[in-house]
Each structure stands twice: as structure tokens, then as C-alpha cells.
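A closer look at the structure
Spelled out from the first residue to the last, the chains are:
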Amino acid sequence: GTLKDLEFESIEKNFAILQGIARLLQCLIDHNLSYSDLKTQNLLYKCYDNNKMKIVLGDLGSIFTLDSEVFSPCTFPPCDLVDEKTKHNTETAMVWQLGVVFIQLLKDETYYRFHHSKAKQLTPNLKNTLDDVIVNNSLKNYKVKLNNDYEIDLGLLLKYMLDETSANRIKMYEIIEAELL
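First, a word on scope: everything that follows refers to the structure included in this document. Nothing here was measured: the structure is a model prediction, and the numbers come from that model. Every chain is numbered on its own, with residues counted from 1 as its sequence reads. Residues qualify for local features only when their pLDDT is at least 70, as the model is predicted, and side-chain atom pairs are given and counted only at 80 or more; totals for whole chains, interfaces and linings, by contrast, use all residues. Side-chain calculation: all heavy atoms of the structure are included, whereas hydrogens and water are not.

**Notes on the overall build of the protein**
Secondary structure is summarised from DSSP: a helix means a run of H or I of at least four residues, a strand means a run of E of at least two, and numbering begins at the N terminus for each. Helix and strand counts for the protein stand at six helices and seven strands. Starting at the N terminus, the α and β elements of the protein follow one another as α-β-β-β-β-α-α-α-β-β-α-α-β. The contact definition used throughout considers only heavy atoms, calling two residues in contact when any of these lie within 4.5 Å. Within the protein, contacts between residues separated by at least 24 positions form 64% of all contacts whose residues are at least 6 apart in sequence. Per-residue accessibility takes into account occlusion by the displayed protein chains alone, with areas from the Shrake-Rupley method and a 1.4 Å probe. Only carbon and sulfur atoms are counted for the fraction: they give 49% of the accessible area of the protein, which is about 9200 Å².

**What about the packing of helix α1 (residues 11-30) against helix α3 (residues 91-105)?**
Interaxial distance between α1 and α3 falls to 10 Å at its minimum, and their mutual angle equals 160°. With respect to each other, α1 and α3 are oriented roughly antiparallel. As for how α1 packs across α3, the hand of that crossing is right-handed. In contact with N14, F15, I17, L18, I21, A22, L25 and I29 of α1, α3 contributes E91, M94, L98, V101, F102 and L105. To obtain an axis, a line is fitted to C-alpha atoms, over the contacting stretch when the element is a helix, and the angle between two such axes runs from 0 to 180 degrees between their N-to-C directions. Comment on the angle field: the value is read as roughly parallel under 35 degrees, roughly antiparallel over 145, roughly perpendicular from 65 to 115, and oblique elsewhere. Left-handed describes a crossing whose near helix is turned anticlockwise from the far helix by less than a right angle; the clockwise case is right-handed.

**Focus on the sheet that holds strand β5 (residues 143-146)**
In short, DSSP must find at least two bridges between two strands for them to pair. Across the sheet, which stays open at both edges, the three strands sit in the order β6-β5-β7 with antiparallel pairing between neighbours. Bordering the open sheet on either side are β6 (150-153) and β7 (179-180), each of which pairs with just one other strand. Where β5 meets β6, four bridges bridge the pair, whose relative direction is antiparallel. Note on β6: the bridge partner recorded for V144 is I152. Relative to the sheet, helix α5 (residues 154-161) contacts β5 and β6, its axis offset from that of β6 by approximately 85°.

**What to know about α5**
Exposure categories follow from relative accessible area, calculated using a 1.4 Å probe and restricted to protein chains: below 20% of the type maximum is buried, above 50% is exposed, and the middle band is partly exposed. Every buried residue of α5 is accounted for by L154, G155, L157, L158 and M161. For α5, the arc enclosing every buried residue in end-on projection is 160°, short of the 170-degree limit, so these residues lie on one face. Two N or O atoms form a polar contact when they lie within 3.5 Å of each other; inside protein one atom must be a possible hydrogen donor and the other a possible acceptor, and for residues adjacent in sequence the pair counts only when both atoms belong to side chains. Capping of α5 at its N-terminal end is provided by D153; its side-chain oxygen lies 2.9 Å from the backbone amide nitrogen of G155. Taking the helix axis as origin, the arc is that swept by the directions to the C-beta atoms.

**Digging into the pattern of salt bridges**
Whenever a carboxyl oxygen of Asp or Glu lies within 4 Å of a side-chain nitrogen of Lys or Arg, that contact is scored as a salt bridge. All chains considered together, the criterion is met by three salt bridges. Notably, a salt bridge pairs D131 with K159, separated by 2.9 Å at the nearest N-O pair. Note that D131 is positioned in helix α4 (residues 119-136) and K159 in helix α5, a separation of 28 residues in sequence. On the basis of relative accessibility, which here comes to 23%, the residue D131 falls in the partly exposed class. Sharing partners across several salt bridges, the network here consists of K127, D131 and K159.

**Quick word on the side chain of D153**
Considering the arrangement of structural elements, one finds D153 in strand β6. Counted as positive: Lys and Arg. Counted as negative: Asp and Glu, with His and the chain ends omitted from the count. Buried charge without a salt bridge: D153, with K143 as the nearest opposite-charge side chain at an N-O distance of 4.6 Å. One polar contact links the side chain of D153 to the main-chain amide nitrogen of L156, over a distance of 2.8 Å.

**Quick word on α3**
In this scheme, a helix's expected span is set at 1.5 Å multiplied by one less than its residue total. For α3, with 15 residues, the first-to-last C-alpha span of 21 Å sits near the 21 Å given by 1.5 Å per residue. Taken from the residues just after α3, K107 is the one with a positive phi, measuring 60°.

**Some points on unusual backbone geometry**
Positive phi, close to 50°, is recorded for D59, a residue that is not glycine. Despite not being glycine, S138 has its phi angle at roughly 50°, a positive value. Among the structural elements, S138 can be located in the loop between α4 and β5.

Right under this line is the structure:
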């Protein structure tokens, strides 16, 4: 099925899924490729008897070279849409999309505030929208260890993924290496 059809199980399970998707995206980055339409409808999964899940990318027509100017306005960071210079498929754009996928996995109703049609409303209200997601899902109750060094709450990690300034977004490898405590 697709991840859109997946029922919410737990923050821990969703975090493991998030990291699995990040590994897929890092593989693309390592080959100078990007995925321009990351959303739960384009992520396919299969469950195995040993409680393992395999995730693969669907819609392979959404794979382009990094920094290409082809992107999907549906999943592209709305704050980047405002600035003509940042309309490129980059790692930071994929990190943004991954953050929105995490919100979709939480089954949080605020997901729709991240739709491209709401870009003008979201950008000035991004902090409040993220705060709503963090509070609604008690993300501050979950701690994450970054770079084997310091602990932050899961809500702050999400804010790092969805920072309105693309240069401030966390790197994909940091998401992969993060440890949910």
C-alpha cells in the first residue's frame, strides 16, 4: 500500500519510517539526484512477518538531478516558492518535504496548512502552525539525540526540518543518524 493508507501506530514507529525515507533520499543525494514530489501517496510499503517494513519511492518520474529547476509546487517548500532563486530541487527542499510527510504520518489535521495553495498564509504563520503540530502530538515529550552529542525534543527536530530559511534546515544525514531516546 501507500504510506497515506497507513494507520497511526506510534511516534516511535513513525520516527523509524521517517529515518527509512531519509535513507532513500540520502541515496539519491549521494548520486546527485533529488525527488521532487515527496508525499505519503508516493511512498509505497510492504510489511513482512518479522514486523519489518520496506519502503520504496513511487512516481519515479519525480526523480531529477539535484539543483534542477523542475519541482512539484504541491510539495515544494512554500517559503522557497516566494524566492525565485530557491526554486530548485535541493537537499533542503527534500528535508522540508520529509518534515511534511512526518506530519502526514502523525495524521495531524494541520497537514493541509502545508499545501502549496496555502503558501501565502503558511509562510507568515509557520511558527504557529508548527507549534500546533508539536502540541497536538506531544512531540516535546520525545527526546532525540543528534550527532551523538546533544539532546533536543522531537518538536525541535521537526522545526529544524521545516525552517523557513532553507540554509537553516537540518541535513538528511543528521536525520538518519538521530536517535530517538
